[in-house]
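Coordinate analysis (summary)
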Amino acid sequence: MGSRNFEIDIVDQVAWLVLSRPDELNTFQPEFWYEFPKALARLGADGAVRALVVASTGRHFTAGLDLAAFGSAELFADGEPARANLARRSLILRMQEALTALERLRVPVLAAVQGGCIGGGVDLITACDMRYATADAFFTVQETKIGIPADLGTLQRLPRVIPDGLARELVYTGRRLPAEQALAAGLVNQVFPDRDAMLRGVGEIAAEIVANSPVAVWGSKELLLHARDHTVADGLAYTATWQGGAFQPGEVTESVQARFDKRAARYQDLPSAITPE
């Protein structure tokens, strides 16, 4: 499973989506915005997949949007103003949805970043559950430097991950945030010396997630996202509703028994879903 933009492999119930255009700095071409959400939908529908790692190849994680690959009929449409502007709006909404699909997956998504995470890369990783980096990694809200506000999620998600004032500084200046500062600010969970060490470490974290009840992990992700966007009272009420419908006494019993037996717990996979064409 894959495309010209990325490759996908599934190992021990962990899906690895690896950006695979290193010579082009893993920039996002127009077809990426169709292929990426379709690939996520297929992975999300696979009940055996319990975690997703988004990684990349080459010197940089991604240099973001490949503006040169977009024709004038897309980003720079002319003609009757209302139609041209609405077409551009529809394009931006579709690209936003392609990254929001990461949040909507029922499994946690771990971003593994080496080198530069630039422009659209920040949009992508802030839609992931957790982020990890190599010591040489850096993060840049590049859009400000080219004359536009970031429009695919950075402005909405970054201030919810790091302090608001720092997020504004990065957005307004377009400067680089090095890995160690990203760690101190909470943008990344851990910094590794190099890519190989990072992939090993992230793989180990993903394996810990896989060992837990997939229903409990799915529910936790759903409830955390709801809590982020709602009041505490709304979040508590939604949690009660979710727990009322999804509580699994059998999985609780299995968890306790596995600890007593000093063995790994065994849980059923999530139900598979119909995948889009």
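Below, the structure is looked at part by part. This one's a predicted model, so the numbers in the text were calculated from it and none came from an experiment.

What to know about the packing of aromatic side chains
On inspection of all chains with the given rule, the structure shows 7 aromatic pairs. Connected via pairs of aromatic rings, a cluster forms that spans Phe 6, Phe 28, Phe 32, Trp 33 and Phe 36. The ring of Trp 218 carries Arg 106 above its face, with NZ or CZ at 5.4 Å from the centroid.

Comments concerning the sheet that holds strand β6 (residues 130-134)
Reading across the sheet, the 6 strands line up as β1-β2-β3-β4-β6-β9 and stay open at both edges, with mixed pairing between neighbours. Looking along the sheet, the strands with just one partner apiece sit at the ends: β1 (6-11) and β9 (190-192). Neighbouring strand axes in the sheet, compared pairwise and without regard to direction, differ in orientation by 20° on average. Contacts from helix α1 (residues 32-45) reach β1, β2 (14-19) and β3 (51-56) within the one sheet, and its direction differs from that of β1 by about 10°.

A short note on the packing of α1 against helix α2 (residues 81-104)
Following both chains from N to C, one finds α1 and α2 inclined at 30°, their axes separated by 9 Å at the closest point. Relative to α2, α1 is oriented roughly parallel. Note that α1 runs across α2; the crossing there is left-handed. Of the residues in α2, those touching α1 at Trp 33, Tyr 34, Phe 36, Pro 37 and Leu 40 are Arg 94, Met 95, Ala 98, Leu 99, Ala 101 and Leu 102.

Some words on the environment of Glu 97
Relative to the elements of secondary structure, Glu 97 occurs in helix α2. Note on Glu 97: relative accessible area 39%, which makes it partly exposed. Taking the C-alpha atoms as reference points, Glu 97 and Pro 271, separated by 174 residues in sequence, lie 24 Å from one another.

Digging into the nonpolar core
If you look at the biggest cluster of nonpolar residues, it comprises 51 residues, and the most contacted ones within it are Leu 17, Phe 36, Leu 52, Leu 102, Leu 124 and Phe 139. If near-sequence neighbours (up to four positions away) are discounted, Leu 102 is found in contact with Phe 36, Leu 40, Leu 52, Val 54, Val 109, Leu 124, Ala 127, Cys 128 and Lys 221. Among the nonpolar cores identified, the runner-up in size contains 19 residues, and Ala 55, Tyr 132, Met 198 and Val 210 belong to it.

Some remarks on the pairing of β1
The sheet contact formed by β1 and β2 spans 6 bridges and is antiparallel. For Asp 9, the partnering residue across the bridge sits in β2 and is Trp 16. Between β1 and β2, which pair antiparallel in sequence order, lie 2 residues; one of them, Asp 12, sits at a positive phi of approximately 50°.

Re the pattern of salt bridges
Enumeration according to the criterion identifies 14 salt bridges in this entry. Put simply, Glu 97 and Arg 104 hold a salt bridge, and the shortest N to O gap is 2.5 Å. One salt bridge connects Asp 129 with Lys 221, and the closest N-O pair in it is separated by 3.0 Å. Here Lys 221 lies in helix α8 (residues 214-229) and Asp 129 lies in the loop between α3 (120-125) and β6, a separation of 92 residues in the sequence. Judged by its relative accessible area of 28%, Asp 129 falls in the partly exposed class. One continuous salt-bridge network, built from bridges that share partners, spans Glu 103, Arg 157, Arg 160, Arg 228 and Asp 229.

Comments concerning the sheet that holds strand β7 (residues 138-140)
Sheet architecture is open: 3 strands sit in the order β5-β7-β8, paired in mixed fashion. Sheet topology places β5 (116-118) and β8 (176-178) at the edges, where each strand pairs with a single neighbour. Along the sheet, successive strands turn relative to each other by an average axial angle of 20°, direction set aside. Where β7 meets β8, 3 bridges bridge the pair, whose relative direction is antiparallel. Bridging from a neighbouring strand, Phe 138 pairs with Pro 178 of β8.

A closer look at helix α4 (residues 154-161)
Within the span of α4, buried status applies to Thr 154, Arg 157 and Leu 158. For α4, the angular spread of the buried residues around the axis is 100°, confining them to a single face.

Parameters at a glance
- Residues numbered from 1 in each chain as written.
- Predicted model: local features only at pLDDT ≥ 70, side-chain atom pairs only at ≥ 80, totals over all residues.
- Heavy atoms only, no water.
- Phe/Tyr/Trp six-rings, centres within 6.5 Å; stacked < 30°, edge-to-face > 60°.
- Lys NZ or Arg CZ within 6 Å of the ring centre and 35° of its normal.
- Pairing = 2+ DSSP bridges.
- Helix = DSSP H or I, 4+ residues; strand = E, 2+ residues; numbered from the N terminus.
- Axes fitted to C-alpha atoms, helices over the stretch in contact; angles between N-to-C directions.
- Contact = heavy atoms within 4.5 Å.
- Parallel < 35°, antiparallel > 145°, perpendicular 65-115°, else oblique.
- Left-handed = near helix turned anticlockwise from the far one by under 90°.
- Buried < 20%, exposed > 50% of the residue type's maximum accessible area, 1.4 Å probe, protein only.
- Core = buried A, V, L, I, M, F, W, Y, C linked by side-chain atoms within 4.5 Å.
- Salt bridge = Lys/Arg side-chain N within 4 Å of Asp/Glu carboxyl O.
- Arc of directions from axis to C-beta.

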